[in-house]
Amino acid sequence: MTSEQYLSVLNPEQKAAVMHEGSPLLILAGAGSGKTRVITTKIAYLIAEKNIRPQSILAVTFTKKAAKEMLDRAVQLEPRADKAQIRTFHSFGAWFLRVYAEQAGLDPNFTVYDDDDMVTLLTKAIPDLPKKNASHVAHCISLAKDYCYEPDNPHLADIDHSPEFPEYYEAYQKRLRETGNVDFGDLIMLPVLLLQQNERIRTQMQYRFRVILVDEYQDSNVAQFQLLSALAGPETYVCVVGDDDQSIYKFRGAEVQNILSFQDQFPGTTLIKLERNYRSVAPILHAADVVVSNNSDRLGKTLSAERGDGKKPVLAFIPTQDDEARFAVELIKAAHKKGVPYADWAILYRTNAQSLSFETLFNNKKLPYTIVGSLKFWEREEIKDALCWLSFIANPRDEIAFRRIVNKPARGIGPTSQDKIIARLPETAVSESLLPSKGILDACRLALSSMSAKAKKSLGEFIELIEKYQTELGMYEPRAEGLESDEEPADKDAPSLADVLERLIKETGLIEYHTAQDEIAGTQRVANLQELCNSAIPYAPDRNGLLEYLDHVNLDRTLETENDEQVDAVTLITLHNTKGLEFPRVMITGLEEGIFPRAEKSAEELEEERRLFYVGITRARDELYMTSCGVRRMYGRTEYMAISPFLKELDTQQLEVIGSIPSSFKRVMQAQQPASEKPEDNPDEAGYVTEEDMELLERWRKGRTVFHDDYGYGVIVSAKVNEDSEFIIDVQFQSGATKKFLPKYQANRLMIAEI
DNA sequence: GACAGTGAAATTTTT
DNA sequence: TTTCACTGTC
């Protein structure tokens, strides 16, 4: 495509953003304003018209999915863009640290620890830290790293002001360095420290990247800002794109301040606003706007709906979560009959746990779906086991991996022996001046003499097995790689890492171990292991292949189903994961107080939840459905849900409301009706009593005997409309227990007992 | 050191 | 309701 062609489809602001040069650029891009198009066109334009070498362009995104899409679209416009560095922040960090592993004090074959590994390592580093506290401390350490605070930083108290925290952090960091590995936070923090301390490396990097583009800048954290600052030299062209209304990662250290103060941090910045929305029809955009305008802490912008009018959003009140899933199925099936593909639909929810009722029913009704970003697969025991074998082969200083695999299946080397071995680790560091060290393997050899005959034998076999694979994969050969790392994808028929992995899980006894487990518990573990092997197919059976594969699984937990794009399936996804995506038809589920927004939110956090709602609404192109359940099963108990406070912020005149409307919402609707249509009588009691309530009051009056499926016979001791305008009864059962019910939602389980 | 049985806790959101 | 961590026994 020529640049005239791709520039001609842009509106004036977009074109200005693409062609801008000579100063830092901040693009404030509203939802659906063609932000990705602008970035990808800019990449193509810089290469084609400004003679920028593709290799010297760095484009950073937050998710691998976004990176992939950006690369694909840029390549469509300009084939040479495939040489540009388009990565997530974390994968850039991993790339950088592999290039400068030695300077960063890391094993060149390091792998990345996840949150669970952090907790485990922490309990090893600080033995008397209670397990329950460990995950909290681990979380705080992550946050500290998001702010680029080292253990001696006085600001640590802002994160956790317990006096021990800096000690814990320091002990953890020391132990982590001994493993040669990194955690997620290190992937950003260590490059920042290295760039700040080492002028030569800084100059190298600043020379290497002449253009840096950052997407979703509103969700960058302080460490990422510092990384950007360190990478940007006086000659570097910096362009960031973001939307303060879509900042949803505060809990992870995201700092909206980064985008709000960008113009101060980078003096002379040009600001371009993209406010034309090309995605959603007007009523959907209106709903989004009404909701987000309840937030106070925002730059403020007005989106115009370029697509014009369309279908009003639908708000459905639904009895239970099973009905919610049924509602989705019916809607989707009905549309499918009219030719709407399944893939047009996305079901959005606040917490991963909510996907379950949809999965169950979709399976039942043979409705195809894909789950995005479900971490479950990678958290499975058998998967982690297999990956730890690979990690330990790559880096035999990896204490966590070692402990996990050395005694599985049982080899008679329990925690006590493991501690003994790890205790010998310092000796190996001294005796082993030649790099790379064989770490724990050497420590095992030192500890052999003090072990029982049985343990000695199996530990010897363990060492042998690891070393065999290390040799096969050439783990100690120098890495033939400079700054460029443009690996060609492996040939389909070429030998693959998958073959190695398959052999490994057989030889280690993992497959037998899990076959046995499958038979006992009826699980799918062997099948999962097979799936894992499949995921390794594109990687070469050598050192680089292994490291790339491990980075891939550690930095991107979404299981790549190769035929992702071809299969026609409904998308099940958390609201957070929808960032950057769009769908013709969107259903936002679980709009109940305590679910969305989640319970116990401060005012500030509530604004973030509201932004999350805003993000969800603005994903929809043509149709938007919102559902709210009356009751929901949680922890095996049935809970009565109040409607989400966000629903009360909607413009009910611009909604289609269906289902049995709770009186608390009827009140909202009446309040918003034009004065002429308002009913005359408006009793201003605590609870507003509707006609429907009158019927309920008559039927469920005080003193009547009722029968409940679970609790048996009982007497109604109170019947009233509560503060939330919901009709509620108290029933005293024969057991003596008193329970509250909303009879409207209990038609199947609670009935009047005729006497 | 392995395993069965018991009791308590669990659901944020993600790179 | 399910899952996980802890305890006591072999």
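Residues numbered from 1 in each chain as written. Chains lettered and ligands numbered in written order. Predicted model: local features only at pLDDT ≥ 70, side-chain atom pairs only at ≥ 80, totals over all residues. Heavy atoms only, no water.

### A closer look at the packing of helix α24 (residues 439-448) against helix α25 (residues 453-473)
- It is the contact of α24 with α25, at a shortest axis distance of 11 Å, that shows an interaxial angle of 155°. Looking at the two axes, α24 sits roughly antiparallel to α25. Note that α24 runs across α25; the crossing there is left-handed. For the pair α24 and α25, the contacting residues are Leu-441, Cys-444, Arg-445 and Leu-448 in the first and Lys-456, Leu-459, Ile-463, Ile-466, Glu-467 and Gln-470 in the second.
- Here the residues of the contact of α24 with α25 sort into six nonpolar, one polar and three charged. (Axes fitted to C-alpha atoms, helices over the stretch in contact; angles between N-to-C directions. Helix = DSSP H or I, 4+ residues; strand = E, 2+ residues; numbered from the N terminus. Parallel < 35°, antiparallel > 145°, perpendicular 65-115°, else oblique. Left-handed = near helix turned anticlockwise from the far one by under 90°. Contact = heavy atoms within 4.5 Å. Nonpolar A, V, L, I, M, F, W, Y, C, P; charged D, E, K, R; others polar.)

### Regarding the pattern of salt bridges
- Tallying each qualifying case throughout the model produces 38 salt bridges.
- Residues Asp-215 and Lys-35 are paired through a salt bridge, measuring 3.2 Å at the closest nitrogen-oxygen approach. Of this pair, Asp-215 sits in the loop between β6 (211-214) and α13 (222-231) while Lys-35 is found in helix α3 (residues 35-49), placing the two residues 180 residues apart along the sequence. Here Asp-215 and Lys-35 have matching classes, each one buried. (Salt bridge = Lys/Arg side-chain N within 4 Å of Asp/Glu carboxyl O. Buried < 20%, exposed > 50% of the residue type's maximum accessible area, 1.4 Å probe, protein only.)

### Concerning the pairing of strand β12 (residues 345-349)
- Among the five residues in β12, five count as buried, and that is most of the element.
- Here β12 shows no split at all, with Trp-345, Ile-347 and Tyr-349 on one side and Ala-346 and Leu-348 on the other all buried.
- By the bridge criterion, four bridges tie β12 to strand β15 (residues 583-588) in an arrangement that is parallel. Directly across from Ile-347, in β15, lies its bridge partner Met-587.
- Two strands pair when backbone bridges link them, and β12 and strand β14 (residues 570-574) are joined in this way by four bridges, in the parallel orientation. Paired with Ile-347 across the strands is Leu-572, a residue of β14. (Pairing = 2+ DSSP bridges.)

### Some points on the protein's contact with DNA strand B
- Of all residues adjacent to DNA strand B, which total 23 residues, the nearest are Arg-252, Arg-350, Asn-352, Thr-416 and Thr-574.
- Counted by atom, the contact set of DNA strand B within 4 Å of the protein is 59% sugar and phosphate.
- Separating a base oxygen of DNA strand B from a side-chain N or O atom of His-90 is a distance of 3.2 Å.
- Across the surface near DNA strand B, the residue classes tally to seven nonpolar, 11 polar and five charged. (Near = heavy atom within 4 Å. Polar contact = N/O pair within 3.5 Å; in protein donor to acceptor, adjacent residues only side chain to side chain.)

### Things to note about the sheet that holds β14
- Taking strand neighbours across the sheet as the criterion, the seven strands line up as β13-β14-β12-β15-β16-β11-β19 in an open arrangement whose pairing is parallel. Lying at the two open borders of the sheet, with one neighbouring strand each, are β13 (369-371) and β19 (656-659). If you compare each strand with its neighbour and ignore which way they point, the axes differ by 20° on average.

### Some points on helix α20 (residues 381-394)
- With 14 residues, α20 ought to run about 20 Å at 1.5 Å a step, and its terminal C-alpha atoms sit 20 Å apart, in line with that.
- Taken across its 14 residues, α20 has 13 buried, putting it largely inside the fold. (Expected span 1.5 Å × (residues − 1).)

### Quick word on the state of the cysteines
- In the structure shown here, the tally under the stated rule is zero disulfides.
- In this structure Cys-148 is a free cysteine whose sulfur lies 17 Å from that of Cys-140, the closest cysteine sulfur available.
- The exposure class assigned to Cys-148 is buried, which follows from its relative accessible area of 10%.
- Between Cys-533, a free cysteine, and Cys-388, which holds the nearest cysteine sulfur, the sulfur-to-sulfur gap is 15 Å. (Disulfide = S-S within 2.5 Å.)

### With respect to the confidence of the model for chain A
- Looking at chain A as a whole, its pLDDT mean stands at 84, while 88% of the residues score no less than 70.
- Below pLDDT 50 for its whole length, residues 482-487 participates in 13 contacts with residues either more than four positions away or in separate chains.
- Taken together, the stretch residues 682-686 has pLDDT below 50 and engages in four contacts with residues farther than four places along the chain or on a different chain. (pLDDT = per-residue confidence, 0-100.)

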